[in-house]
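# Chains, contacts and geometry: an overview
Here is how the chains run, residue by residue.
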Amino acid sequence: MPALLEGKTVQQTMLLTGLLALLLALPQGHVAAQDERELRAQRSEAQKARNEERRLRSQQLADATRELRDYARELEPEYKREARAVDTAFQLEEVKLEADSAARIAGVKAEFQKEWTAAILGRGEEPGAERLQTMEAQAKAYGDELFALKREAAEAVHRAREGAEAEKDSLRDALEEKVLARAAQLGLSRDYTPIPAHPIGGELTRQEEQWNQREEKEVVKIAERNAKLLAPYRNGKRLRAWERANREEDFRLRWEEEAERQALNMQHEFHSGLLQPAQADATAGQNLMQRAAELAEQERLIQIRFQQIRRENSIKRREEKKQILEA
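What follows covers the layout of surface pockets. Roughly 180 Å³ of internal volume is contained in the second largest pocket. Lining the second largest pocket are 13 residues, with Leu-61, Thr-65, Ile-222, Arg-225 and Asn-226 sitting closest to its centre. Elements supplying a minimum of two residues to the lining of the second largest pocket: α1 (2-120) and α3 (206-278).

Structure follows, in structure tokens:
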């Protein structure tokens, strides 16, 4: 009897163990499947929320960009009106400056013509060679005086023009400051952060990892687009200062070349004017022709040298401007 009871107990124990294992297994599988469905639902809802957030961000950026461009266009008419007024004032001043300069130059030319005519007619008691030296000295003095007057007149007009340009630059500076302030209000100058996918269920899925990678790249693209949009307003002041410096350099270079050429031109005109009378004297005529040819060659070399400088400046400035615009 005890052996029978013991066998029955073992069988009951084994049966209970199996039933217990079965009972434990069935609810766990059911819970795991239910949890997985809930995770998928949560991830789907989170993805929808991220998509909506991205859509709203894109719409906000598009609206802000459009509003900024409209705002900048609205400012342009007033700027142009004020700039035209500045240009008109400069043009009136330029006319006056050029008229004053022309009158002074005409007076110098008239006075020289009297002296030159007297010299050509041979007034005075100097021998021929000495009279020639005197005439050459008179021509040089006249050329120097005339050049100084022309440069002084050009300097006055240049300063007036640059004053007008500086005034217009100030107007443009004010416009750009308003545009940049409006851009800041619209959020176009701030740094955007990615819209992240957070782990649901302990870790990111492959799809969520790819989302985060795309978002990192997207905020970089947004920053680049906004920088390109605002670049003309951010770099305008620097670009105009660079252009002013270039104009100053060009003006200096122009009159440096003019100074070298005018001395040669006066000598060339002087010897050319004497060439006709000197043709009766073969030796004198040959000397004058040789001197005129030398002067022409020197002038050509001056022209080549300054042309090289300008071409080099053009190449360097092209790169400098590119760097300013891309800053």
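With 17 residues, the main nonpolar core has Leu-68, Val-179 and Leu-188 as its most contacted residues. Taken together, the elements giving at least two residues each to this core come down to α1, α2 (128-185) and α3. Those residues within four positions of Leu-188 in sequence are excluded, and the remaining contacts are Leu-61, Ala-64, Thr-65, Leu-68, Ala-183, Asn-226, Leu-229 and Leu-230. Counting residues in each nonpolar core, the second largest holds ten residues, with Ile-105, Phe-112, Leu-146 and Met-266 among its members.

Per the stated rule, a full pass over the model turns up 33 salt bridges. Notably, a salt bridge pairs Glu-152 with Arg-104, separated by 3.2 Å at the nearest N-O pair. One end of the pair, Glu-152, is in helix α2; the other, Arg-104, is in helix α1, with 48 residues separating them in the sequence. Residue classification places Arg-104 among the partly exposed positions, given a relative accessible area of 43%. Close ionic contact of Glu-176 with Arg-240 constitutes a salt bridge, the shortest N to O distance being 2.9 Å. Taken together, the positions of Glu-176 in helix α2 and Arg-240 in helix α3 put the pair 64 residues apart, joining distant regions of the chain. According to the relative accessible area criterion, Glu-176 is buried, its value standing at 7%.

The next thing to look at is the confidence of the model for the protein chain. A residue-level look at the protein chain finds 78% of positions with pLDDT of 70 or above and a mean pLDDT of 84. Ranking the elements of the protein chain by mean pLDDT puts α1 last with 80 and α2 first with 90. Note that pLDDT drops below 50 for residues 1-8; the model gives that stretch zero contacts with residues more than four away or on any other chain. Taken as a whole, residues 15-28 scores under 50 in pLDDT and shows one contact with residues more than four places along the chain or in a different chain.

So, about the side chain of Glu-94. As for its placement among the helices and strands, Glu-94 is situated in helix α1. At 3.3 Å, the side chain of Glu-94 forms a polar contact with the side chain of Arg-161. Discounting residues that sit within four places of it in the chain, Glu-94 has contacts with Val-157 and Arg-161.

With respect to the element layout, Tyr-79 can be found in helix α1. By relative accessible area, which is 15% here, Tyr-79 ends up buried. Expressed as a C-alpha distance, the spacing of Tyr-79 and Arg-172, which sit 93 residues apart in the sequence, is 7.2 Å.

Here is what the cut-offs are and how they apply
Residues numbered from 1 in each chain as written. Predicted model: local features only at pLDDT ≥ 70, side-chain atom pairs only at ≥ 80, totals over all residues. Heavy atoms only, no water. 1 Å grid on protein atoms, 1.4 Å probe; cavity = no way out; pocket = protein on both sides within 12 Å on 5 of 7 lines; lining within 4 Å. Points joined across faces, edges and corners; volume = space filled by probe spheres on them. Helix = DSSP H or I, 4+ residues; strand = E, 2+ residues; numbered from the N terminus. Core = buried A, V, L, I, M, F, W, Y, C linked by side-chain atoms within 4.5 Å. Buried < 20%, exposed > 50% of the residue type's maximum accessible area, 1.4 Å probe, protein only. Contact = heavy atoms within 4.5 Å. Salt bridge = Lys/Arg side-chain N within 4 Å of Asp/Glu carboxyl O. pLDDT = per-residue confidence, 0-100. Polar contact = N/O pair within 3.5 Å; in protein donor to acceptor, adjacent residues only side chain to side chain.

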